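Letter by letter, the chains look like this.
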Amino acid sequence: MSHSAAALKKASFPINGMTCAACSGRLQRVLGKQPGVQSADVSLASERADITFDPASTTTEALAQAVSAAGFSVPEQTLTVQIGGMTCAACSTRLEKVLGKVPGIHSVSVNLATEQARLTVPTGVVPPADILDAVQRAGFSGTLLTSDAEQHQQAMATARKASRHDLTVVLLSAALTLPLLSEMLAHFGLLSWRLPPMVQLLLASIVQFTVGLRFYRGAWKSLRSGSGNMDVLVVLGTSAAWGLSAWRTFTIPHHPELYFEASAVVVTLVLLGKWLEGRAKRGAAAAIHALMALRPPVARVLRNGQEVELPPEAVALGDQVIVRPGERFPVDGVVVKGDSAVDESLLTGESLPVAKAPGDSVTGGAINGTGLLIVETTAVGSNSTLARIIRLVSDAQASKAPVQKLVDRISAIFVPVVLVLAAMTFAVWWLGFGAPNLAFAAAVAVLVIACPCALGLATPTAIMVGTGVAARHGILIKNAEALERAHAVTAVVFDKTGTLTIGQPTVGSLHPVTGTPEALLTLVAAAQQGSEHPLGKAILSEAASRSLPLPPLQGFQAVPGRGIQATLAGASVIIGSRVFMELNGVAVPPALEQTASDLEQQGNSVIWAAQDGGHGPSLNGLIALSDAARPTAAAAVQALQQAGVHVVMLTGDRAKTAEAIATPLGISDIRAEVLPDQKAAQVESLQAQGYIVAMVGDGVNDAPALAKADVAMAMGSGSDVAMETADLTLMRSDPALVAQALDISAATYRKIRQNLFWAFAYNVVALPLAASGSLSPALAGAAMAFSSVSVVSNSLLLRRWRIVVAKSCEHGSH
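Since we're looking at a predicted model, the values are computed, not measured.

**Examining the UniProt feature "transmembrane region" (unreviewed entry) in the protein chain**
Summarizing the sequence annotation, UniProt attributes the feature "transmembrane region" (unreviewed entry) to residues 169-191, 197-216, 410-432, 438-458, 755-772 and 778-798 in the numbering used throughout. Secondary structure content for residues 410-432 is 100% helix and 0% strand, while the C-alpha to C-alpha distance between its ends is 30 Å.

**Concerning the packing of aromatic side chains**
One pass over the full model with this rule turns up five aromatic pairs. Judged by centre distance (4.8 Å) and plane angle (90°), the rings of Phe 209 and Trp 242 are edge-to-face. You can see Phe 209 sitting in helix α7 (residues 197-211) and its partner Trp 242 sitting in helix α9 (residues 230-251), a full 33 residues away along the chain. Ring centres 6.3 Å apart and planes at 40° place the aromatic pair Trp 758 and Tyr 762 in the tilted group. Pair noted here: Trp 758 and Tyr 762 are both in helix α28 (residues 736-771), with a separation of four residues, about one helical turn. Put simply, the rings of Phe 209, Tyr 216 and Trp 242 touch in pairs and so form one group of aromatic residues. Sitting over the ring of Phe 215, Arg 214 keeps its end group 5.8 Å from the ring centre.

**Side note on the pattern of salt bridges**
Evaluation of the coordinates by the stated rule reveals 20 salt bridges. Note that Lys 356 and Glu 344 form a salt bridge whose closest N and O atoms lie 3.4 Å from each other. Taken together, the residues span a long stretch of sequence, with Lys 356 in strand β13 (residues 354-356) and Glu 344 in the loop between β12 (340-343) and α12 (345-348) at a distance of twelve residues. Take Lys 356: its relative accessible area is 11%, and that puts it in the buried class. Residue Glu 344 is classed as buried on the basis of its relative accessible area of 11%. Notably, a salt bridge pairs Glu 600 with Arg 654, separated by 3.8 Å at the nearest N-O pair. Placement of the pair is Glu 600 in helix α22 (residues 590-601) and Arg 654 in the loop between β25 (646-650) and α24 (655-665), with a sequence separation of 54 residues. For Glu 600, a relative accessible area of 4% translates into the label buried.

**Quick look at unusual backbone geometry**
Its identity as a non-glycine residue notwithstanding, Ser 547 has a phi of 55°, on the positive side. Residue position: Ser 547 is located in the loop between α20 (534-545) and β20 (553-559). At Ala 569, a position not held by glycine, the phi torsion is positive, near 50°. Looking at where Ala 569 falls in the secondary structure, it is placed in the loop between β21 (563-568) and β22 (571-576). With a relative accessible area of 71%, Ala 569 lands in the exposed category.

**Some details on the environment of Val 380**
Secondary-structure assignment places Val 380 in the loop between β16 (373-379) and α13 (385-398). In this structure, the C-alpha to C-alpha distance between Val 380 and Glu 261, residues 119 residues apart in sequence, is 59 Å. Aside from chain neighbours lying at most four places away, what touches Val 380 is Val 315, Leu 317 and Val 331.

**A word on the sheet that holds strand β4 (residues 76-84)**
Across the sheet, which stays open at both edges, the four strands sit in the order β5-β6-β4-β7 with antiparallel pairing between neighbours. In this open sheet, the two edge strands, each paired with only one partner strand, are β5 (107-111) and β7 (141-145). Mean inter-strand twist for the sheet, computed between neighbouring axes without regard to direction, equals 25°. Relative to strand β6 (residues 116-122), β5 runs antiparallel, the two sharing five bridges. In the sheet register, Val 108 faces β6, and the bridge partner there is Leu 119. The strands touched by helix α3 (residues 89-100) are β4, β5 and β6; relative to β5, the strand with the most contacts, the crossing angle is about 160°.

**Let's talk about the domain arrangement of the protein chain**
Under the domain assignment, the protein chain is made up of domain 1 (9-70), domain 2 (77-146), domain 3 (316-379), domain 4 (475-502 + 630-743) and domain 5 (506-626). Computed from C-alpha atoms alone, the centre-to-centre distance between domain 3 and domain 5 is 38 Å.

**Some points on helix α16 (residues 453-472)**
Over its 20 residues, α16 extends 28 Å from the first C-alpha to the last, a length consistent with the 28 Å expected when each residue adds 1.5 Å. Taken across its 20 residues, α16 has 19 buried, putting it largely inside the fold. Looking one or two residues past α16, Gly 474 carries a phi angle of roughly 85°, positive in sign.

**Focus on the side chain of Arg 578**
Along the polypeptide, Arg 578 turns up in helix α21 (residues 578-583). Aside from chain neighbours lying at most four places away, what touches Arg 578 is Val 588, Glu 593, Trp 608 and Arg 654.

**Focus on the sheet that holds strand β19 (residues 506-512)**
Spatially, the six strands line up as an open sheet ordered β19-β24-β23-β22-β21-β20, and their pairing is antiparallel. For this open sheet the edge positions go to β19 and β20, each flanked by a neighbour on one side alone. Ignoring which end each strand starts from, the neighbouring axes of this sheet average 20° apart. As defined by bridge partners, strand β23 (residues 605-612) adjoins strand β24 (residues 617-626) across eight bridges and the pair is classed as antiparallel. Among the inter-strand pairings, Trp 608 is bridged to a residue of β24, identified as Leu 622. On top of the sheet, helix α19 (residues 517-527) reaches β19, β20, β21, β22, β23 and β24; it is set at about 90° to β24, its chief contact.

How each quantity is defined
- Residues numbered from 1 in each chain as written.
- Predicted model: local features only at pLDDT ≥ 70, side-chain atom pairs only at ≥ 80, totals over all residues.
- Heavy atoms only, no water.
- UniProt positions renumbered as here; feature names shortened; annotations may be inferred.
- Helix = DSSP H or I, 4+ residues; strand = E, 2+ residues; numbered from the N terminus.
- Phe/Tyr/Trp six-rings, centres within 6.5 Å; stacked < 30°, edge-to-face > 60°.
- Lys NZ or Arg CZ within 6 Å of the ring centre and 35° of its normal.
- Salt bridge = Lys/Arg side-chain N within 4 Å of Asp/Glu carboxyl O.
- Buried < 20%, exposed > 50% of the residue type's maximum accessible area, 1.4 Å probe, protein only.
- Contact = heavy atoms within 4.5 Å.
- Pairing = 2+ DSSP bridges.
- Axes fitted to C-alpha atoms, helices over the stretch in contact; angles between N-to-C directions.
- Domains from an automatic or database assignment.
- Expected span 1.5 Å × (residues − 1).

Quick look at the structure:
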């Protein structure tokens, strides 16, 4: 079959799951057989499929499905589109439905507060032009955003420009409307004169059809797509007031009763409300824009001994960057030269400067103190800490809380219901009571006062402010669902090492059975050369500080939760717990058993060592290591308990060691000697007792338990695996942040409930008042504008949230 070259299209997909040339060859054959495909080229090296096809015979979505049917996959990507022209919750609901029907889009979430649409699509399957066309068909404008901070800054600049334009329009509308109020003032006897009807008609017409033209455009686009929004209500109400007044101006010669001031005041007040709402929404997004402003515009890089200024995105891994006093770090890196104190407050919430010396890591966006530093780059672009923080906060602010689903359903039917109520109001007053003037005024008031704006803004604005405030204090929240769940937590499970303790154990004492302490340390350190365990690192560090030569490691095997087995100089070495010794048939002298018990009661972790000399393993001795509790741990536990939260400590240590750490902190529920694969079961047991469980951890071993918990919290100093699994990431290794995270979650959820209550209560009270004729159209317009502004302003009060500082408890809990 021949195809016109002009009619053919090209698509390029990344492919996951290919392992060899046979895979790429098979996929290429599968794609080549698809209807309408002229050519398909699948590259194993680039892991991409480049396809030329006839769009009349197949689609990119069908081609992606063929990839899946062949046993491979097209990875998904998230696209963000900045939306222009949304006025209320009905708009965002309608746009979600339109975008959801675009072939290839898997999920879509439209946020009225951020004015953004977040879409999940297979990479390369849905052309951006198709998405923007769908946005335009729905009656809005759209701009595809990249993750680059500069794009967001450009969006903010556009928003500020639009705000200045809107303010100018509001002032013009107000200037034209004020003379019309003489009619209303004369009605109340406050003035003895009023404008001639023809002058009123001229002024009101300029406001209605010039200033208010945006409402007609929005209403037409909404109705053309088969639904209604706020613009429809405003246009119907104000057009009716203007039309009746214009008809009376020409048909009643002397002192006709006119409603020009009602139509003009409503337009002016709605515009004023939208301008105030926009200012408030930009305030709600202040945290994310403050983060985006952290990265400096240039980086000073050493190239061939010369200092070169480059954009941060042009810096390569391994480049050395010069950071002068008072400057921001353009990249993540490690200090290679210089000493200074660094302000990381906007990234971690830590108010005090942190000392940095060679070997210490620094984070892009932090502010250098008084010393000049040379930093070797370890992460740039999207892999940097700052980029990851911005991405997490942006995702959280764009996500929808579960409660929002109910609001969206209500908003979808809100406008039709209001139209029916307005018609019923008009009919009752005119046909039932014979009062056409009151019927008209009441129906217009119903149309104007009922708007789903406040409903649409109630949840997203609170989430925007709440997640922004949390980020400013070093708490990163993955999504709105996690924020909503966290307020209900009734039990917090702490992994001991690295969360309640500092996570940097040190060697306390050496207890050899035979030989010298140095020989015991050398044996254990040599076996630990293949270990990543914190205790193993502590032993290696102690051996290095004593300059002990270590024999080469010939074999290594880790036994999770038990210890390690290694081979040194042809001999088998067993290092681990007391239980591990028993499992391997190692005899332990009673005296050393008592020594170990005493050490564990003092809070030490005990590592046993045995070696096989050819006649079975025999004990070499034990090493005691200590890991001090974090200074804020006791106060953190106390804060949680005072909030009614049950605190649990989970550890693989022996019970005596666990008690020695937990008891001074005030923790009574201690779960010791728990293997890594048993941690998730402990979380499940608490859930079975009716607790809503938050798990706090920092290691790879904690990932299953984090995944099982209702709310997963990872320490920022922990592993990437734990942070990826977590719902909340604590940027400082400070257990006090746990109570603060739950508190900001509760405060945000309270704001959501307050906002929803106000939005619903406003309509419940306002609609009957308007229908009863108790509110004039002008007052209805003012009330409608006030409802949206009040909801956003209430959300902004969250910015006043302050942390409760956990004080160091040197003598246990008080």
